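So the chains spell out like this:
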2 protein chains.
Amino acid sequence: MGALDDAHLDEELQDAVGLEPGSGSETLSTCEIEDAVKVLLHGLGEDPGREGLKKTPLRVAKALRDGTRGYKQKVKDIVQGALFPEAGLENGMGCAGGAGGLVVVRDIDLFSYCESCLLPFSIQCHVGYIPSGERVVGLSKLSRVADVFARRLQEPQRLADEISSALQSSIKPAGVAVSLQCWHIQFPETLRCKSNLRHSSKLDMQGWFKESVFSSSGVFKDENHPFWDDFLALLKFKGIDMEEIDAYHSPPAQSWCPSRSMDISSCNGHSTRNPTNGKVSPKPGAAQTSMIAAVTSMIEALGEDPSRKELVGTPSRFVHWLTNFKRSNFEMKLNGFNLSRNDLHAKTANGVAVTELNEIHTELNLPFCSQCEHHLLPFHGVVHIGYFGSDEGEIIQRCILQSLVHFYGIKLQVQERLTRQIAETVYSVLGTGVIVVVEASHICMISRGIEKVGSSTATMALLGRFSTEPKAKAMFLRTISKHNATGG
Amino acid sequence: MGALDDAHLDEELQDAVGLEPGSGSETLSTCEIEDAVKVLLHGLGEDPGREGLKKTPLRVAKALRDGTRGYKQKVKDIVQGALFPEAGLENGMGCAGGAGGLVVVRDIDLFSYCESCLLPFSIQCHVGYIPSGERVVGLSKLSRVADVFARRLQEPQRLADEISSALQSSIKPAGVAVSLQCWHIQFPETLRCKSNLRHSSKLDMQGWFKESVFSSSGVFKDENHPFWDDFLALLKFKGIDMEEIDAYHSPPAQSWCPSRSMDISSCNGHSTRNPTNGKVSPKPGAAQTSMIAAVTSMIEALGEDPSRKELVGTPSRFVHWLTNFKRSNFEMKLNGFNLSRNDLHAKTANGVAVTELNEIHTELNLPFCSQCEHHLLPFHGVVHIGYFGSDEGEIIQRCILQSLVHFYGIKLQVQERLTRQIAETVYSVLGTGVIVVVEASHICMISRGIEKVGSSTATMALLGRFSTEPKAKAMFLRTISKHNATGG
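Residues numbered from 1 in each chain as written. Chains lettered and ligands numbered in written order. Predicted model: local features only at pLDDT ≥ 70, side-chain atom pairs only at ≥ 80, totals over all residues. Heavy atoms only, no water.

Chemist: Looking at this structure, how should I read the overall build of chain A?
Modeler: Along chain A, the regular secondary structure elements total 17 helices and 16 strands. Considering only contacts within chain A whose residues lie at least 6 apart along the sequence, 72% involve residues at least 24 apart. (Helix = DSSP H or I, 4+ residues; strand = E, 2+ residues; numbered from the N terminus. Contact = heavy atoms within 4.5 Å.)

Structure follows, in structure tokens:
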């Protein structure tokens, strides 16, 4: 082992956010993760040798190592050399500068990995501290220290606690306050049954599960200390709602990860009795057992202890997540639908949104969750479909289109293919004209730091009349804009 | 030389966004830049040995090398291995997937260095392409390629052109469209005289100068091609206004950089006749000449050619920018004001915003531009000041406070000190109670990728009654919130 082979070396060099050329042990850990990913791909019924998947094990290994590099970083090394002498007030008549002058950094974007299911989660971090002893820390170090702990397998409250206690012990200020707003992607099963809950308090606009936590040290330990008002006021200037934070002063009763509330006993590696219905779940198959073992070895390769209490069920949960995206050529029928002319319905007054151009039928914002085949990470968003009805005015019901979107989404995919497949299938039964627009966020791009949280992709497919009649296409695109503008 | 010394090595290792341990030539280039920065610090009247500045040369060198690493990256290396076979439509009845299915990535955040003045500028980049030949490129590569060209000394139109032509030649699609929205920080002189222009079309909310550009290749060369409508429509879904982009189809007549429109002939290294007023500017002093030479050597160390047409005046312009922040203990008087009780004015009905608590006077959103002494990069934002008037109801006029903010801002600074100094000075003449809040964006944090564009810092100083009366403080903070909420 010892040295990187050519393919590895090329990848390392060309990767703008790559790790420094690895030491022997890092190369070893990369190879271990790669082997594990190959097991996972096999378990999903995929051929790891096919073009799109060839480099997936290496990409996954690199992303995971980069996303957990916090295990190898020391706060002391970051803060050391960045503590600067800074005077307080000469007369001591108040709080300012290096003696009591509150410092806040707001809206630090971070990404972490959920210790319950291994999926990345997104964090908006706000840090405040009260300088003491006539010294301040370089402002960028507050983000750096937060990033060290984010780049580990985490859970929101522990992450907040680790950031605040690390800043307290390394800077030795009068106090530290940390507030995190965290977003966790839904699992496909929860996404599907909750797709109408997008305006509920715990589900943000993009269907992510949200949790706000809080941690403090020093003077901030006293909830009634006046510095609290200052910290919360400075957050409020940026639209960060303090009342919401207040509601989370008491930690949630159970883990926030959606996988924790699901019955995944069939993946647990042994039979278990489901406490809610008393049924005994079957033992997992050999494929699943080896997938779980592979994920356990990945966790070990990252330097974590898979037997740590919080990580015990993690491999099962990650495998449970992945098997949602298992390949099957027969699923389309087994899924309970087989799109054909039988699924066409006579047009009715309710049911379908119709544009001004009477014959174009539109179904907007059909949610989907898919898995990027290049990085084994989710991408998710919405699908907009427009089509001309049949001459007899037949249409496809929204629930059928949603199933279609689900079917093509719920596997290892690329967004361009997903867009084409949905369009082709609709066109196969209503062969007049189809347009499909897919809008998505790719966690693989966001969590690797290539793009920021706000970025998104869009792809389009045009068939039949939509590819030849610009007016029809323009009308459909305007319908989406109008729908978005009215908060549809 | 050849090897990094201990201090350098520590910095490299502890820096999460640092460069890989350098080769000999990289170490050499780092040292050259460090030497140049020491010359600049001397020229600014600073002691490079003082605590806050000790590591500034190394920090500047690292940030510059990282910000211009695009010179060493090749697009071919990035795209190679990320071109994936992807089918188009079977029947060819339209555009989808690897044959004609439009792909767009929106809202890619980038940072670049202005070739006219060496200051970083911020970019929101949107890329679209039409796959051809039944293959697509990994979505993240669109951002990566854009980043390669952003990390050089640039100008918006050339940057857009380089991105589109690089994508065209490496992916060989049917066409590429690139749209950039760029923001350039104001120079202090333009910032000051234009502080009322914040709602004008070319100046965004934070006082940055904005430019939108456009570039295309292949089918997008035809402005009337239907794909244009699709690209613009998909941008519009994210609120990106196509009409604004349309307005920039014709490139601007002159460079967008504010330094280009200023008379900086006195920094040019030789006497010049100002074309507008015919005056002969004096020769620059020896200090300025050596600063200009130092910047020229920095540009060379980055691998650029200082004699390239667009770069010829750049060292002078950068030195002109820097000398805004020259240290002087006497400036306060020379600046035209010397805050004393003479500057107090009897309270008048107009002039000053007054809160419900009659005796607290507030001046909100006083703009400032300062220079981070740790990274020699600007930080800028607004200052909010609250104070109790004298017993005789005397107040300080807004223009005096703005001068005060300008005076303490316009030097090598840290935000905590700026906050304290403003508070102390106001307190020295109105010794009852003062509160100062400074809100800022630090380009040093944003351009080095430590935080995202949306992040910001806030610092606070409390003197006298504001440190002892929570009610007064709370009222002042509420006033800011209210002012922000109403768009003040």
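Chemist: Any chance you could explain the pattern of salt bridges here in plain terms?
Modeler: One side chain can pair with another of opposite charge once the charged atoms of both are near each other. Residues and elements named next belong to chain B. One pass over the structure, following the stated rule, counts 42 salt bridges over all chains. Two residues, R151 and D66, come together in a salt bridge whose shortest N-O distance is 3.5 Å. Highlighted residues: R151 in the loop between α5 (139-150) and β6 (153-154) and D66 in helix α3 (residues 56-67), separated in sequence by 85 residues. Residue D107 is joined to K238 by a salt bridge in which the shortest nitrogen-to-oxygen separation is 3.8 Å. Taken together, the residues D107 in strand β3 (residues 103-114) and K238 in the loop between α8 (226-236) and α9 (242-246) connect sequence positions 131 residues apart. (Salt bridge = Lys/Arg side-chain N within 4 Å of Asp/Glu carboxyl O.)

Chemist: Which parts of the structure should I look at to understand the packing of helix α13 (residues 398-409) of chain A against helix α14 (residues 415-429) of chain A?
Modeler: In a packed pair of helices, the relevant descriptors are the angle between the two axes and the axis-to-axis distance. All names here are of chain A. Closest axis-to-axis distance for the α13/α14 pair is 10 Å, and the angle between their directions is 140°. On the basis of the axis angle, α13 is oblique to α14. Here α13 runs over α14; the crossing is right-handed. Residue-level inspection shows L401, L404, V405, Y408 and G409 of α13 in contact with α14, the latter providing L418, Q421, I422, T425 and V426. Class assignment for the residues of the contact of α13 with α14 results in 7 nonpolar, 3 polar and no charged. (Axes fitted to C-alpha atoms, helices over the stretch in contact; angles between N-to-C directions. Parallel < 35°, antiparallel > 145°, perpendicular 65-115°, else oblique. Left-handed = near helix turned anticlockwise from the far one by under 90°. Nonpolar A, V, L, I, M, F, W, Y, C, P; charged D, E, K, R; others polar.)

Chemist: How should I be thinking about the relation of the copies chain B and chain A in this particular structure?
Modeler: Each of the two chain copies goes to the other by way of a rotation about an axis and a shift along it. Of the transformation placing chain B onto chain A, the axial shift is 0.0 Å and the rotation is 180°, giving an RMSD of 0.1 Å. The transformation just described matches what one would write down for a two-fold rotation axis. Both copies share a contact surface, since 98% of the interface residues of chain B are interface residues in chain A too. (Least-squares fit on C-alpha atoms with pLDDT ≥ 70 in both.)

Chemist: Hey, could you run me through the interface of chain B and chain A in this one?
Modeler: Interfaces are often described in size by the accessible area the parts lose on coming together. Listed as interface residues are 84 residues of chain B and, on the opposing side, 84 residues of chain A. For the pair chain B and chain A, the two sides together bury roughly 7,000 Å², of which 55% comes from carbon and sulfur. Where chain B meets chain A, there are 8 salt bridges. The salt bridge involving K473 of chain A is made with D230 of chain B; its shortest N-O contact spans 2.7 Å. Our enumeration of links across chain B and chain A arrives at 22 residue pairs in polar contact (both at pLDDT 80 or more). When residues in the side of chain B that touches chain A are grouped by element, the largest group, 9 residues, is from strand β16 (residues 456-464) of chain B. Per-class residue counts for the side of chain B that touches chain A are 35 nonpolar, 24 polar and 25 charged. Note: strand β3 (residues 103-114) of chain A against β16 of chain B, 4 bridges, orientation antiparallel. (Buried area = accessible area lost by both parts, 1.4 Å probe. Polar contact = N/O pair within 3.5 Å; in protein donor to acceptor, adjacent residues only side chain to side chain. Pairing = 2+ DSSP bridges.)

Chemist: Sorry if this is basic, but what is going on with the domain arrangement of chain A here?
Modeler: Residues and elements named next belong to chain A. Domain annotation for chain A reports domain 1 (25-65 + 263-323), domain 2 (69-258) and domain 3 (331-485). Listed by partner, the interface residues are 16 residues for domain 1 and 15 residues for domain 2. When the two sides are added together, the surface that domain 1 and domain 2 hide from each other amounts to roughly 1,400 Å², 63% of it contributed by carbon and sulfur. Here domain 1 is connected to domain 2 by 1 salt bridge. We note a salt bridge from R308 to E115, for which the minimum N-O separation is 3.0 Å. Inspection of the domain 1/domain 2 interface yields 5 residue pairs in polar contact (both at pLDDT 80 or more). Where the side of domain 1 that touches domain 2 is concerned, the elements lending two or more residues are α3 (56-67), α10 (286-301) and α11 (314-323). The element best represented in the side of domain 1 that touches domain 2 is α11, accounting for 5 residues. (Domains from an automatic or database assignment.)

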